[in-house]
Structure formats: C-alpha cells, structure tokens
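Residues per chain, in single letters:
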Amino acid sequence: MKAIRARFRKSLIASIVTLACGATLTASLTSCTKESRTDGRGYQHSIDPDRIREALEFARFELAPGVTVLGVSFTSGLDDYYDMSMTATREAIDETLRISDFHGEFQTSYARYPDVVDGPRLVDNSPLVRAAWDRSRTPDGNHRTSRTVRVDEREPQRILLHVMVAEI
C-alpha cells in the first residue's frame, strides 16, 4: 500500500511540475506577442496595427494626416469596448473629428474615467481637458456605439485625443 501511495505522490508531483512549466512557457510566449499587457479592469493594451485598425473601424473614426495612434485598449464580452489615445496638432484633431462625423458638444471634462491608454491621467475640471460624446450607427443601422472624446491640451507641445467607444 505504501508503494502505491509513493508512486501516486511522485506522479502527482510530476504532473504539478509539468503544469507549472507549461504555464511558465505559455506566459513567456504570450509576452512576446504584440499585446503588451492587461490592466486591472481586464482591458488588453495593444500597439498592433491590426488591432488599432479594428478599433478605428469599430469607432467609425478616420484619421487626418498627422494623427498618431499611441495605443488601444479593448475588452470583449457581452459588449465591446475600445479606448484609444492619439496625438496630433489642434488642426489635425479638429479635422479628424470632422471627417469622423463626430457631433458632440465639448465641455470642461470631468474625470469619470481618469485612466487613459497613453498620457497623464485626467483630472476633474481642468479647463485644458474638454470632453464630448455622441452616438454612431453603421450604415445598415444594425450596430450602435457611444463615442466619448476627450481632448487634453495640458501639454501644448503634445495635444492628446482620447476616444472611448462602447457598443450600446
């Protein structure tokens, strides 16, 4: 009986070691992909051009020349959410909003969602951070999203555009 228990223990230990090594290898391989990290809210952060293109299409955002996407966060479940951070000149940001058919009215921002993909956290009632939101539909009318846009001009040499899109 002791021999059977000893073999079972050895087998169990070998299985645990194998699982631990497999998990370590999987974690190492995952960290080599273009998906850079997952935050505490379960959002994955990426700088992968395909993921950025997917987020822009979901948000129905077109970029004016001179706009640089710094990164995108996303999560999927019952609903899809995307956050993007971009940087550009004031003119390029205005042109991006125009060609993306964004019609929200800007107001001094409140920091309901202070975390951003790239750049400093947003703060309450800064006159240099403005926010607006609108709703968008696909041409077929089957897909609706809510788009929240925040323009952060606290650093004049680096104006940031933050876009948060949620399926509704």
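Residues numbered from 1 in each chain as written. Predicted model: local features only at pLDDT ≥ 70, side-chain atom pairs only at ≥ 80, totals over all residues. Heavy atoms only, no water.

Undergrad: Explain the overall build of the chain here, please?
TA: A tally of helices and strands in the chain yields three helices and eight strands. Each helix and strand of the chain, ordered N terminal to C terminal, gives the series α-β-β-α-β-β-α-β-β-β-β. Within the span of the chain, comprising 168 residues, buried residues form 36% of the whole. In the chain, the proportion of contacts linking residues at least 24 apart, taken out of those at least 6 apart, comes to 55%. Of the roughly 10,500 Å² that the chain leaves accessible, carbon and sulfur atoms contribute 56%. (Helix = DSSP H or I, 4+ residues; strand = E, 2+ residues; numbered from the N terminus. Buried < 20%, exposed > 50% of the residue type's maximum accessible area, 1.4 Å probe, protein only. Contact = heavy atoms within 4.5 Å. Areas by Shrake-Rupley, 256 points an atom, 1.4 Å probe, with all protein chains shown as cover.)

Undergrad: Is there a simple way to explain helix α2 (residues 49-59) in this structure?
TA: At 3.6 residues per turn, the α-helix brings residues three or four places apart onto the same side. Looking only at α2, the buried set comprises Ile 52, Ala 55, Leu 56, Phe 58 and Ala 59. Projection of α2 onto a plane perpendicular to its axis shows the buried side chains occupying an angular sector of 160°, all on one side. Looking at the buried positions of α2, the neighbouring elements they touch are β3 (68-76), β4 (80-88), β7 (144-152) and β8 (159-167). Directly after α2, the chain includes Arg 60, whose backbone phi takes a positive value near 55°. (Arc of directions from axis to C-beta.)

Undergrad: Can you help me understand the environment of Tyr 82 in this one?
TA: Position of Tyr 82 relative to the elements: it lies in strand β4. You can call Tyr 82 buried: its relative accessible area is 5%. In sequence terms Tyr 82 and Glu 167 are 85 residues apart; their C-alpha atoms lie 9.2 Å from each other. If near-sequence neighbours (up to four positions away) are discounted, Tyr 82 is found in contact with Arg 51, Glu 54, Ala 55, Phe 58, Val 72, Ser 73, Phe 74, Val 163, Met 164 and Val 165. Polar contacts involving the side chain of Tyr 82 include one to the side chain of Glu 54, which spans 2.4 Å. (Polar contact = N/O pair within 3.5 Å; in protein donor to acceptor, adjacent residues only side chain to side chain.)

Undergrad: Sorry if this is basic, but what is going on with the packing of aromatic side chains here?
TA: A ring pair, where both rings are aromatic, is described by two values, the distance of the centres and the angle of the planes. Summed over all chains, the structure comprises three aromatic pairs. Taking the centre distance of 6.1 Å and the plane angle of 45° together, the rings of Phe 102 and Phe 106 count as tilted. Overall, the relative accessible area of 9% leaves Phe 102 in the buried class. Since its relative accessible area comes to 28%, Phe 106 is described here as partly exposed. A connected cluster of aromatic rings, assembled from ring pairs, spans Phe 58, Phe 74 and Tyr 82. We note Arg 51 situated over the ring of Phe 74; from NZ or CZ to the ring centre the distance is 3.8 Å. Positioned above the aromatic ring of Phe 106 is the side chain of Arg 130, whose terminal nitrogen or guanidinium carbon lies 4.9 Å from the ring centre. (Phe/Tyr/Trp six-rings, centres within 6.5 Å; stacked < 30°, edge-to-face > 60°. Lys NZ or Arg CZ within 6 Å of the ring centre and 35° of its normal.)

Undergrad: Explanation requested: unusual backbone geometry in the structure shown.
TA: Negative phi values dominate among residues other than glycine, just as trans dominates among peptide bonds. The phi dihedral of Arg 60 falls on the positive side, at around 55°, and the residue is not glycine. Unusually for a residue other than glycine, Asp 101 sits at a positive phi of about 60°. In this fold, Asp 101 is placed in the loop between α3 (90-99) and β5 (107-108).

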